[in-house]
Structure formats: structure tokens, C-alpha cells
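# Notes for the structure review
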Amino acid sequence: MTGQEEIPATHAQPVESQEVERPLFFYRRWPRIALFAAMALFAAVLLVSCIFYAKCGRMIDARLKLGPFSDSVNIFTSARTVAVGDALTAEEIVAELRRSGYTTSRSNPLGWYNIATERPAARMELFPGRDSFPGSEPAELSFDHGKISRIVSLQDNTARQQIATEPRLIATLSQSREKRQIAQFADLPASLVHAVVSAEDKHFFQHAGYDGLRILKAAYIDLKDGRKEQGASTLTMQLARGFFLDADKRWKRKVEEVFIAATLERKLTKQQIFEDYANQVYLGRSGPFSINGFGEGARVYFDKNLAQLSDSEAALLAGLVQRPSYFNPYRYPDRAKERRDMVLNMMWENRYLTTAEYTAAVQAPMTVKADRYTNMQDEYFVDVMNTELQTRLDDHEKQTRYVYTTLDPDLQRAAEESVHMGMQSVDQLLKKAKKSAPIPDGQPQVALIALDPRTGEIKALVGGRDYAASQLNHVLAMRQPGSVFKPFVYAAALNTAIEGGQQIFTAASVLSDQPTTFSYDNQTYQPGNFRHEFMGDVTLRTALAHSLNVATVSLAQQVGLKSVVAMARRAGLNDGIKATPAVALGAYETTPLEIAGAYTMFANRGMRVTPSAVSLVRAADGTELYTHHADAQPVLDPRVNYLMVSLLQEVLRSGTGASVRSHGFTLPAAGKTGTSHDGWFAGFTTELLCVVWVGFDDNRELNLEGARSALPIWAEFMKRAAKMRPYRDVKAFSPPPGVLTASVCPDPQADPDAPRPRRTEVFVSGTEPTGPCEVSVAPASGAADRVIDPVTGAGTAKPAAPIGH
């Protein structure tokens, strides 16, 4: 060879020959190698599967140990009391019990009932469940001719004059703003179960958590179409996704679903799985909340409980599961009906419906609850309740399972209806005056809060016109209170009868109401009166009754602006209120909730109580985490307070609030109108206090005084409340010891040329003025026989001796 290394013959063969002639041992061993590789792969897959399965098991065990809805809180209204003689039929009680969560199922955790109707009489048995209101007892109610004729406790078989029925379940909320009403499998109507399995998983009660044929079909269609759109999830897999996984459509998630579903099927019965699914399933949104579970869906869409659902309604709910937004019956009724009819057809094909039942259900009109605003109004109350819970519970908040609130469902309904009527009238007035067009984004808003002035319990609350449209709670909105603040000026003035001062003021003291310029902090301030009308010399009674601005500012400066602010803060108003002349006219912002709390001192003999929305909080095991107790604080001497109540009664008798009577409310009451940019009315009886506010969100002028905007709503609400047993026993305001009534000379506003009839006035004993008309003095509850010249009423008496509350 020429310089090249000689190549061995065995390596000089072509490449093709090398590939063909492989070692014999390769062909003998490759099945064994493949087997070992497959076994290793299988072992790896098995190991990963076991680890994943164990992980799923621990995760599921932890969730099941806490309970599938352990982060949910049941929120209840206050208990309703029924008494012998109440005009209630058995059917009305049943409707109320159903709204409270009662069913005919003995396993229902909230309670169950039996009813035997024999017209015109009927008999009903009530049995509280394990989750019932503390102190509930089983009872038998008898009815006769539309009234409750007899109540017997089934605990000791003794007669009762009255008994508390279960509080109504307002909502079941979770931290993710889900709303649901939890139901047990026994409470689900058969039509709903059949509709769901027909639409979502027809083999649910036969398979072991996954449907192999359905998965293969979905995979084939996805591969053929090149998209991941087909759903192959069984109900168990849907529950697994809803509890533990994200909602995206990936095959990795499908594998995870299968593992979790298998674990669920091993640990739970089919009935338990279906029950959890029925409480978890997403059915759309209602305002800011998601609708979860068929119980909540029945309430939102039909205002019914599950037991009341018809076949067509059950089919509609089951049809929503696939695409709740697309089949939304409010937005797309045609789509919803088409989907409902499709589910009904599936039910017929699966022999859950006879041909006659199917025909009747398909022909039934698709009707959903029209007045959606009534579904959401109590959410404003729930917002206030949540805020209070966060401050009351501290570290116990996560343990909370049952919250029993102060809300009276009957009074809440009256509040919602009164607001609805009143705001329609406001819209008409504004449109007629061409001051503002009531377009959806420009409508005036409203707030109403009603509470028990002795305990501070909030009985009704409306924070706006429509919670679904706006979650801004106007009960908590900072606004200028206008003249509803003035009573605190007059209270500070009359309080000089107790605390003393440069001048002692009485209700008969005289103020000057004429154009005046006031000086403060090297600045001038010139308030005006409504319609620029002035009354000259007036008594304190007349000045407050007619809400005279100049006279009120003059009084505030004479008493001392700091004394006025101190009185307001003792009543519970915020620290943003400053000691300037404008404070007398309510220029500093506060909230309707603060005003309601402050007015409790007038309605509660000088004792202020803090408003509260929570009555009782319990953990899942029944442990009491919080119980509300009224925190009454003495603010105003009872004698001075009675004088203030008398002046506020005058507002309704002859002043700016006199139209309350023309609106039909005639019970003893006291109150005050207010007009700033907005309209206000705050008033009370011995049984109930209510504050109403009306105004625009952007703070523009309403151009309707409180007497024409807020007062009619207040009057309508109080009329309705007066028909309810807890609030109808209204009494006259009674004076405490140490208050005198005297006859005084005519008001300075009386015509000097006309006969000058004597009038009466109330005084704290020891502050009654002396003068040339003096005759004698009588206790406030008796007749007066002393005539006093009111002009001498200021600065002629020493402060009275204080007495206890």
C-alpha cells in the first residue's frame, strides 16, 4: 500500500452489511430488555400514582374532617314571635317556616314540621333541628278561622301565650363571596335529582367516579376538532374540580379529577357526593355574589325553597349548570327556555317523566322572579353585620359558623317596600320640577335604618335602591346632616339647667331670628333661613320646630360652640365635627348610622346605645363566641331629655315635620327634618327609631327638602311598623320626676292685637322663670296654673340639682 494503513477485512465491509449483521445476543435479549423497561415504567407510574393518591387522600380527609363547607357562615334573622290571637293561618306559618329553612324532613338540621288541615281549623307541630336557634322548643299550634287559637309546648305539654319560631336563613356566605343555602340529599326533590343526572351524568348512580366511554368520546372529538372543548366530567369529577382544582380544560386536570373522584367515591356514598355537588354547583351571579347550590338558585330565580320546585323549574336549574351566563334566564330567556326543554326531553327519554308530565312541563311558561331588587336589599345589612363581626370576634372569626342577627324580616320587608314607593315619588317630583332626569346612573339614592332605641338592635336597614346595581352602602356614607344635627345644639342649651353657665336656657327662652352676621376667628359668617324668611323674636321651641338657621347659630354661640361639639360627641358622632358657627347647621359630615345611634339618647331617656346588627354568634359545635349586650351610656339628664323630646314633638305638631300627620301616621312620635344637599328625616316612637336619607352620590343638590323627600318614606315605614305586634304598643312620652309644666304668656310670634291665650311649657324643676304673670306651678303630668312671661326666662334661674338616670 502507498502510505495508507491496511484496513482489516472485517471492517472494510460496506455500512449496509454492518447494519444487517447484528450480534445474535441482541435479538435474544431485546424482549427481556423491553419487559424490564415496561416494568420500570409501570413501577414509576404506580409509585407516582400511589404518592398522588395518598396526597389526594390526605387533602380530601382534611377537607371532609372540617366539613365540605366549613368556611361558610349561616346568617339568620332574629326569631319571630307568634302569639295566641295573631291573625295568621297555617299556610302563612308554613310559608314563613319554609323561608326559615324548615322542611317536612325529620333529618333537616334547621327543623321540620307536620301539618294537619281541617278547615276552618288546622293543627301544626314544629320541631327544631340540630342547627336551630338556641332556646327553640317543639310546639303545637292550633288555628281556627284564620287565627292562632292555641299554643302548647311539646316539652312539658303546657299552654303558652306566645312562642318564637325559627329565624329565617338570610344567606350562607363563604370568604369567596359565594351564597348558598345548604340542603341535605333528603331535601332534594326527585325531579331535581332526575334533571341533574339526565343533563350532566346519566350513569352517576352506576359508575365508580368516572365514565370511561364518556372520556373516550370526549378525547376523540377533541382530537378530531383539534380543540379542548369537550367535557367528560362526571358529577363526582365536577365536585372534585369545584372543591380542589381550577376550572380550566386540560387533560392533566382530567387525570387529577379522576384520582380525586376515585378517592371521593371510596370515602363517601353516592348520596353524600350528590348532596355536596348540589350545594357547591355554580349557577350564575346575583349582584356581587356567585349563586352556588340549587337551594340558593331556587331562592334567587324563583323565590322558592327546593321542595316547592316544579318539574320545569328543576329542569331550568339543571340546565344552567352547563353555561350559567349563556343560559341566564334574565338576559337570555329564549336560550334558557330552549335549554330547559332540552333537559325535560332528556328526563323523558330516561323515563323520569311520563309523556303527560313532559308535555305539561314543556308547555309551562318560563317564569322567574321579576322583582329582583327584593332579593338583594338585605345584603346592605349583611355588609354592616360583617364589619361589626370583624371588630367583635377578633381571633374567633375563623370559628364562626352561625350568626344570629337582629334583623326583623317583616320590618325589613316594610322598609324595602316603603323605600321603593317613596323613591318613585321622589323621581316623579324631580322629573316634574325638571331639576334632574332620573336616568339609571343619575337616580337619587336612599338609606333607611331602623332600630330598637333601648337596645340598639338594628331591625331594618336599606343602604340603597338596588344592591345588585351598586354595593355602596349609603347607611355608612359620610354626608352633611343639615338640620337633623340641630337637636344637639338645643340639647346643649337646655343642659345648662343642669350644668349651669353664663345663661340658663329653657324651652321658653327667646332668640332673635333676623338677618345677622356672626364673627368667628377673625372671619364673618352670615347664615340665611329657608326661603329667606325670618320670624323675629321666637322661643327655643318655635326656633327648633321651624328649623330657623339664624336663631340656631345665635343659640350655639351663646351656649358655646365647644359645648355643642361636646354634646354631639357624647352622643356618638365622629371627631371630624369642629367648633365653628357652621356646626350648628350640620355642615360637618356624618352617616345615617351615626345619626341613628346619636338619636337613641333622645328616644331612650338620655341613654345612648350603640347600634348593633349581631345578636349571637356560635361555632360549629354550638359554642357561643359572642353575645350582644346593650352598652347604654348616660349622655343627657332625663329631665333635659324630656324637654328635648317635647321640642321634637313640636316639630311634628306645628313645624317642618307636620306633614307626617297628613301622611297618615298619628301615633305619639318626635323627630326632625333636615335639608343640606340632601334630604333627611330622623324620628322615633317609644318602640322604634328610624332615620331616612335621600340624595345624589355625586353630592349635587337634591333640591327637595327633607319634608318632601325623606319624611314621606319615614311616615310610610312607621305606619307599616305600627301594624306589627312588636312595634304597635306605642305609648305617650312620659316625664321623669323633676319636670314641671307651666302656663306662660303667648309666644312672641302671637298677634299683639289678637286675644292672647295662655300656653303651656315644660321646665326642669328649679329653672322655671319668675315674672309679673306668675300664678303657680304644677307637675308636668298635671294641669298648669301659673302664667309666666317668656321674655324673662333666660338667666333668671340657677341650675337644677342633678338627679340620677
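From a predicted model like this one, the values you see are computed outputs, not experimental measurements. (Residues numbered from 1 in each chain as written. Predicted model: local features only at pLDDT ≥ 70, side-chain atom pairs only at ≥ 80, totals over all residues. Heavy atoms only, no water.)

## Brief notes about the sheet that holds strand β22 (residues 624–627)
Formally: Only when DSSP finds a minimum of two bridges between them are two strands counted as paired. Numbering of helices and strands starts at the N terminus; helices are DSSP runs of H or I of at least 4 residues and strands are runs of E of at least 2. Axis lines are fitted through C-alpha atoms, for helices just across the contact stretch, and the angle between N-to-C directions can take any value from 0 to 180 degrees.
In space, the 8 strands of this open sheet follow the order β11-β12-β10-β9-β1-β13-β21-β22, with mixed pairing throughout. At either end of the open sheet lies a strand with only one pairing partner, and these are β11 (282–286) and β22. Neighbour to neighbour, the strand axes of the sheet diverge by 25° on average, direction disregarded. Bridging between strand β21 (residues 614–619) and β22 involves 3 bridges; their strand directions are antiparallel. If you follow L616 over to β22, its bridge partner there is T627.

## Digging into the packing of aromatic side chains
In plain terms, the rule: Pairing of aromatic rings covers Phe, Tyr and Trp, the last counted by its six-membered ring, and requires centre-to-centre distances within 6.5 Å; plane angles under 30 degrees mean stacked, over 60 mean edge-to-face, and any other angle means tilted. Here's how the labels work: a residue is buried when its accessible area is under 20% of the maximum for its type, exposed when over 50%, partly exposed in between, all with a 1.4 Å probe on protein chains only.
Summed over the entire model, instances satisfying the criterion amount to 17 aromatic pairs. Ring plane angle 50° and centroid distance 5.5 Å describe the contact between F485 and F488, whose orientation is recorded as tilted. An identical accessibility class is assigned to F485 and F488; each is buried. Relative to F602, the ring of F488 lies with its centre 5.5 Å away and its plane at 35°, an arrangement referred to as tilted. Residue F488 is found in helix α16 (residues 486–494), and its partner F602 is found in helix α21 (residues 592–603); the two are separated by 114 residues along the sequence. F602 carries the same exposure label as F488, and that label is buried. Among the aromatic side chains, those forming a connected cluster through ring pairs are F185, F204, F205, F274 and Y277.

## Overview of unusual backbone geometry
Even without a glycine there, the phi angle at R605 is positive, about 55°. Positionally, R605 belongs in the loop between α21 and β20 (607–608). Relative accessible area serves as the criterion here: at 44%, R605 is assigned to the partly exposed category. The backbone of N703 shows a phi angle near 60°, a positive value even though the residue is not glycine. With respect to the helices and strands, N703 occurs in the loop between β26 (689–695) and α24 (706–721). On the basis of relative accessibility, which here comes to 44%, the residue N703 falls in the partly exposed class.

## Regarding the side chain of N473
The line we're drawing: Note on contacts: a residue pair is in contact if any heavy atoms of the two residues lie within 4.5 Å.
One can find N473 in the loop between β15 (458–462) and α16. When sequence neighbours within four positions are dropped, the list of residues in contact with N473 reads Y380, D383, V384, L461 and G463.

## Some points on the pairing of β15
Most of β15 is tucked away, with 5 of its 5 residues classed as buried. Bridge analysis of strand β14 (residues 445–451) against β15 gives 4 bridges, and the strand direction is antiparallel. The residue of β15 that forms the bridge with L448 is V462. The hairpin turn running from β14 into β15, its antiparallel successor, is 6 residues long, and G456 in that turn takes a positive phi close to 80°.

## A few points about the packing of helix α11 (residues 333–349) against helix α12 (residues 355–363)
Axis angle and axis distance: for two packed helices, these are the angle between their axes and the distance between the axes, and together they describe the pair. Operational definition: Note that the term roughly parallel is reserved for angles under 35 degrees, roughly antiparallel for angles over 145, roughly perpendicular for angles of 65 to 115, and oblique for everything else. Amino acids outside the nonpolar list (Ala, Val, Leu, Ile, Met, Phe, Trp, Tyr, Cys, Pro) and the charged list (Asp, Glu, Lys, Arg) are all regarded as polar, and Gly is one of them.
Interaxial distance between α11 and α12 falls to 10 Å at its minimum, and their mutual angle equals 175°. Regarding the angle of α11 to α12, the classification is roughly antiparallel. Mapping the contact onto sequence places K337, R340, D341, L344, N345 and W348 in α11 and T355, Y358, A361 and V362 in α12. The class makeup of the residues in the contact of α11 with α12 is 5 nonpolar, 2 polar and 3 charged.

## Here's the deal with the pattern of salt bridges
Basically, it comes down to this: For salt bridges, the criterion is a side-chain nitrogen of Lys or Arg within 4 Å of an Asp or Glu carboxyl oxygen.
Here the structure, examined in full by the defined rule, presents 30 salt bridges. The partner of D86 in a salt bridge is R725, and the shortest N-O contact between them spans 2.9 Å. Residue D86 is found in the loop between β2 (80–83) and α3 (90–99), and its partner R725 is found in helix α25 (residues 725–728); the two are separated by 639 residues along the sequence. The residue D678 makes a salt bridge to R479 at a minimum N-O spacing of 2.9 Å. Here the residue D678 occupies a position in the loop between β24 (670–675) and β25 (679–684), and R479 occupies one in the loop between β15 and α16, the gap between them amounting to 199 residues. The residues D678 and R479 share a single accessibility class, namely buried. Beyond isolated ion pairs, a larger network of salt bridges with shared partners links D452, R454, E687, D729 and K731.

## A look at a nonpolar patch on the surface
Which entries qualify depends on this criterion: Patch membership requires more than 30% relative accessible area and the absence of a salt bridge. Residues of like charge join within 9 Å; the nonpolar side chains Val, Leu, Ile, Met, Phe, Trp and Tyr join within 5 Å. For the accessible areas, the method is Shrake-Rupley and the probe is 1.4 Å, while residue cover comes only from the protein chains on display.
There is a patch of nonpolar side chains on the surface, built from L35, F36 and M39 and spanning about 330 Å² of accessible area. Relative to the helices and strands, L35 is located in helix α2 (residues 24–66). Overall, L35 belongs to the partly exposed group, its relative accessible area being 48%.

## Describing helix α8 (residues 270–280)
Residue pairs three or four apart in sequence face the same way in an α-helix, which turns once every 3.6 residues. Burial of α8 is extensive: 8 of the 11 residues sit out of reach of the surface. Of all the positions in α8, only K270, I273, F274, D276, Y277, A278, N279 and Q280 are classed as buried.

## Quick notes on the pairing of strand β13 (residues 400–405)
The element β13 is largely enclosed, with a buried count of 6 among its 6 residues. Pairing geometry for strand β1 (residues 73–76) and β13, over 3 bridges, is parallel. Each residue of the ladder has a partner; that of N74, found in β13, is Y402. In the sheet, β13 pairs with β21 via 5 bridges, with the strands oriented antiparallel. In the sheet register, Y404 faces β21, and the bridge partner there is L616.

## With respect to the environment of S174
Mapped onto the elements of the fold, S174 is located in the loop between β9 (169–173) and β10 (178–180). Through-space distance from the C-alpha of S174 to that of S70 is 8.7 Å; in sequence the pair is 104 residues apart.

## Some points on the nonpolar core
Worth spelling out the cut-off: Nonpolar cores were defined as sets of buried Ala, Val, Leu, Ile, Met, Phe, Trp, Tyr and Cys residues, with membership established by side-chain atoms within 4.5 Å.
Among the nonpolar cores identified, the biggest contains 129 residues, and L448, F488, F602, F684, W714 and F717 are the most heavily contacted of them. The leading source of residues in this core is helix α22 (residues 638–654), at 9 residues. Those residues in contact with L448 that lie beyond four places of it in its chain are A415, V419, A460, L461, V462, V475, C690, V691, V692, I713 and F717. Formed by 47 residues, the second largest nonpolar core is a distinct cluster that contains V197, F204, F243 and A361.

## Structural notes on the sheet that holds β24
The 5 strands lie next to each other as β15-β14-β26-β25-β24, forming an open sheet whose pairing is antiparallel. A single partner strand is all that each edge strand has here, and the edge strands are β15 and β24. Taking the axes of each pair of neighbouring strands and ignoring which way they run, one obtains an average angle of 5° across the sheet. Both β25 and β26 contribute to a ladder of 6 bridges, which runs antiparallel. When the bridges of β26 are listed, F681 appears paired with V692. Taken strand by strand, α21 contacts β14, β15, β24, β25 and β26, and its axis lies near 145° from that of β26. In the packing of α22 onto the sheet, the strands contacted are β24 and β25, and the crossing angle to β24 comes to about 65°.

## Structural notes on the confidence of the model for the protein chain
Filter applied, for reference: The score called pLDDT rates the predictor's confidence residue by residue, from a low of 0 to a high of 100.
Mean pLDDT over the protein chain stands at 81; residues scoring 70 or higher make up 77%. Considering each helix and strand of the protein chain separately, the mean pLDDT is smallest for strand β30 (residues 787–788), with a value of 33, and largest for β25, with 98. Low pLDDT, under 50, characterises residues 774–798; the stretch is placed with 70 contacts to residues that sit more than four places away or in other chains. Low pLDDT (under 50) marks residues 801–805, which in the prediction has 16 contacts with non-local residues, meaning those over four places away or in another chain.

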